[in-house]
Amino acid sequence: MIHLSESQRQVVQSPIGNAMQVLASAGSGKTRVLTERVRYILEQTKKDCVIALTFTNKAADEMRQRLDDTDSMEDRAWISTIHSIAQRVIEQYGHTIGLPAELHIYERDKDRMEVFLQSLRDHGVNIDEYLQVDDARERRNRERVMQKYMDAFSNIKRELATTEEEVSALYPDDSERIWRIYQDYQGALLDSGGIDFDDILIRAYEILQTQEWVGDVYRAKYKHICIDEAQDLNKAQYEFIKIFCGDKLKSILMVGDPNQMIYGFNGSSSKYMCSMFVEDFQPSEYRLTENYRSTTKIIETANKLKPGSQKEHDAALQGFVEVVPQNDEFFEAAWVVRQIQALIKLGTHDEIEGNISLSNMAVIARNRFIFPALEKALENAKIPFHMKKGERAAEPDSLFGRVLDLGIRVKLNPRSWVDGKKLCQLLQITAPSKWDDGEILLALADQTTASEVINSELLSGLLTEIHKLDSDAPNIRKFKRTFEQRLEAIAKSSENTSDPELATSISELNEFFSSWTKFRQKGLGESLQSYRNAKALGQLEGETNTDGLTLSTVHTMKGLEKDIVFLIGMCEGVFPDYRAKSKRELEEERNSAFVAVTRAKRWLYVTYPNQRTMPWGDVRPQTRSRFVGSMLS
């Protein structure tokens, strides 16, 4: 049994069957408490099943690993992200609201934009003429106008606005136009056999709302729901959870910290956990404020940003926080590099468990644009590093990899003209006038044979073999072996011995096979469609390189911690972000600073440049971040 403090034990061993709200500050062990609560329910009930909702696939994987030694965990605990749960609802019951059996998820922003632009074309708007202006600045302005519409569509979905009246409350000055264009966009998505990422929750909510028996099916099996990072719920997520529970499921645990709510740009608000959950479910309330992770100095600094948020435990180490101003971002980068080298040379310290190494350090900044000077300095010093990324899959680089990716998309959804047109452009062939033919890949393969694209015969064969794959039970091992041999044969020919494109093609073929293997090992399904959905939801992504020093933005570092943290670029306009104007936005920026500080377990270095070079070459003076002022007060 994992050791729990008295306050943690009270939460874990609380009577089963009631709603619970746990306000748990940074370092108080909230993920441990949630995980042990799931274990406790499984062990005490013997038959009841539990759903544990996380905000990232990585968090879900880690929770599954922690519970791996629990009897019947695989059968009785469904640990996943909210979007993955919603996608399962759509896959099983989407037909009840008229959705096609094989629904394509447009997870890429540029694909969503292309669907939007096509919807405008279909309704007589000459959008291409509007966007293709000679003046570069005006063209960017017009592209921003289009992006604002896309942002509005996402906001409409996050707010569950389903009528023009509800949209009017969000956009009172232009509701009629936005509503009409939004409906055209939604129609274009379905006409192409797809939905976008925001639609996953919306469509699943619609199923549960209109088909009450579907919720009863799930509630018959799952009697308990535990939600991690509940302070980051937005309206669509909260309402999905609420309707999933219905009137019968009352055993709900929400764990979170309002001081760590940093996803306001995604419609998140701590009010759903702190107010609406209380009103709707009348939960028992618990607080975990003792920080078991961080040193005394880290806790003191966090409390200066968010007074009263942290309580140190008796055995806390002293640690330290150091604020170091620098002349500019280049001096700042050089200082960080020297300090890292000095720490590595130090080797050990009583406050650091094990050896001091790059693996227990991280450099955090408000956004990725702060890192170039440091990346250059690290490269010059030959210090290995990696940039921590989100869970969205990167697009393939090689022609072979892109044709493989798009070919599978078109196979699964022949109506997807978005992917089909991109495929034709890559292959340098003429796109068909109609997209809804199950034999489309064979037709494109025939055209590719006569195309001038490099390795046309290989790519033609690739499309043919993708067409032949059994969608329900594809033999990906045989497929991989076939093209591995073909690529290696081309690479060994005398004129191609040093072709980097072929090397990348082989690597991306191996990556495809690895992600398929991971999909099968995780038990996410057997079909090609389930694989594509899992990939779209980020369930198959992981850090491709985790060696060396970690560089991360605040948002991608959330939920993780390191012994030693460097927080760089702490200037006004950077942190807080220059776009944060309102009281709510500035408070969220303060929350982000709090999250950044509490990623440090032992030592924290805070730096800021007194001047910075702008992208256009000017050198501008900088003002120290107000948050640094709070830390020093």
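Okay, so let's go over this structure.

Quick notes on the rules
- Residues numbered from 1 in each chain as written.
- Predicted model: local features only at pLDDT ≥ 70, side-chain atom pairs only at ≥ 80, totals over all residues.
- Heavy atoms only, no water.
- Pairing = 2+ DSSP bridges.
- Helix = DSSP H or I, 4+ residues; strand = E, 2+ residues; numbered from the N terminus.
- Axes fitted to C-alpha atoms, helices over the stretch in contact; angles between N-to-C directions.
- Contact = heavy atoms within 4.5 Å.
- Buried < 20%, exposed > 50% of the residue type's maximum accessible area, 1.4 Å probe, protein only.
- Patch = residues over 30% accessible without salt bridge, like charges linked within 9 Å, V, L, I, M, F, W, Y side chains within 5 Å.
- Areas by Shrake-Rupley, 256 points an atom, 1.4 Å probe, with all protein chains shown as cover.
- Salt bridge = Lys/Arg side-chain N within 4 Å of Asp/Glu carboxyl O.
- Lys, Arg positive; Asp, Glu negative; His and termini not counted.
- Charge placed at Lys NZ, Arg CZ, Asp CG, Glu CD.

Right, let's talk about the sheet that holds strand β2 (residues 49-54) for a bit. Spatial strand order, β3-β2-β6-β7-β1-β8: 6 strands in an open sheet with parallel pairing. Across the chains shown, the open sheet's two edge strands, defined by having one partner strand only, are β3 (77-81) and β8 (284-288). Averaged over all neighbouring strand pairs, the angle between strand axes comes to 15 degrees, with direction disregarded. The pairing of strand β1 (residues 20-24) with β8 spans 5 bridges and is classified as parallel. Its bridge partner being in β8, V22 is matched across the sheet by Y286. Most of the contacts of helix α3 (residues 57-66) go to β3, to which it runs at about 155 degrees, and overall it touches β2 and β3. With respect to the sheet, helix α12 (residues 212-221) is in contact with β2, β3 and β6 (222-227), its orientation differing from that of β6 by roughly 90 degrees.

Further remarks concern unusual backbone geometry. Cis geometry marks the peptide bond from F575 to P576; its omega dihedral reads 15 degrees. Structurally, P576 is set in the loop between β15 (562-567) and α26 (583-597). The backbone of Q282 shows a phi angle near 45 degrees, a positive value even though the residue is not glycine. Among the structural elements, Q282 can be located in the loop between α14 (271-281) and β8. Assessed through its relative accessible area of 58%, Q282 is described here as exposed. If you check the backbone angles, K382 has positive phi at about 55 degrees while not being a glycine. Mapped onto the secondary structure, K382 falls in the loop between α17 (372-380) and β13 (385-387). Using a relative accessible area of 73% as the deciding quantity, one classes K382 as exposed.

Taken together, the side chains of E164, E165, E166, D173, D174 and E176 present a region of like negative charge at the surface. For the negative patch, the element with the highest residue contribution is helix α9 (residues 164-170), accounting for 3 residues.

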